[in-house]
Amino acid sequence: MADPLSGLRTPLGRVRFLGSARAGTTEAWLMHVTSLALIPLTIGFVWLVLDLLHMDYNGARATLGQPLAAIVLLGFILAGILHMEVGMRSILVDYIQGHARAWALVANTCFSALLALACVYATLRIAFT
């Protein structure tokens, strides 16, 4: 059965799967891509944390100073925060109306950016000192 709203889309929009807002499925694709990226990054993060459990402070700093450990940690942090930000944006757009929506979206973006900066700073500080 044909989609009753398909007549409202242009032929190019039907081919690109874009709606009238031209946003299409960008957020859904971003959620899927970050979810797939988080699978191996989470496994690496859990492996790293389990490896750090039996170490003392200096051993943990030495391990986190290795390039592979720092890259896994940074990838996990950035993919996780991006996934969180896009998911919260979707929830806020769906359930908040009016001017509160704009303020909630600004707060979501600022919180995500500050969290990412703090985590990246802490990781790089440990990795390079």
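Our subject is the structure that appears above.
Residues numbered from 1 in each chain as written. Predicted model: local features only at pLDDT ≥ 70, side-chain atom pairs only at ≥ 80, totals over all residues. Heavy atoms only, no water.

(A) Molecular detail of the overall build of the chain. Along the backbone of the chain there are five helices and zero strands. Helices and strands in the chain line up, N terminus first, as α-α-α-α-α. Residues classed as buried in the chain amount to 23% of the 129 residues present. Taking the intrachain contacts of the chain between residues at least 6 apart in sequence as the baseline, contacts between residues at least 24 apart amount to 64%. Total accessible area on the chain is roughly 9300 Å²; 74% of this is exposed by carbon and sulfur atoms. (Helix = DSSP H or I, 4+ residues; strand = E, 2+ residues; numbered from the N terminus. Buried < 20%, exposed > 50% of the residue type's maximum accessible area, 1.4 Å probe, protein only. Contact = heavy atoms within 4.5 Å. Areas by Shrake-Rupley, 256 points an atom, 1.4 Å probe, with all protein chains shown as cover.)

(B) Highlighting the environment of Leu92. Considering the arrangement of structural elements, one finds Leu92 in helix α4 (residues 67–95). Not counting residues within four places of it along the chain, the set of residues in contact with Leu92 comprises Arg101, Ala104, Leu105 and Asn108.

(C) Fine view of the packing of helix α2 (residues 26–52) against helix α3 (residues 57–64). Two numbers describe how α2 lies on α3: the axes approach to 10 Å, and their chain directions differ by 150°. When the interaxial angle is binned, α2 and α3 end up roughly antiparallel. Like other packed secondary-structure pairs, α2 and α3 cross with a definite hand, here right-handed. For the pair α2 and α3, contact is made by Leu48, Asp51 and Leu52 and by Ala60, Thr63 and Leu64, respectively. (Axes fitted to C-alpha atoms, helices over the stretch in contact; angles between N-to-C directions. Parallel < 35°, antiparallel > 145°, perpendicular 65-115°, else oblique. Left-handed = near helix turned anticlockwise from the far one by under 90°.)

(D) Highlighting the nonpolar core. Leu48, Leu52, Ala60, Leu64, Ala69, Leu73, Ile77, Ile81 and Ala116 form the largest nonpolar core, which has nine residues in total. For this core, the elements supplying multiple residues, two or more each, are α2, α3 and α4. Top element by residues in this core is α4. It accounts for four residues. Once residues lying within four places of it in the same chain are set aside, the contact partners of Leu52 are Ala60, Thr63 and Leu64. (Core = buried A, V, L, I, M, F, W, Y, C linked by side-chain atoms within 4.5 Å.)

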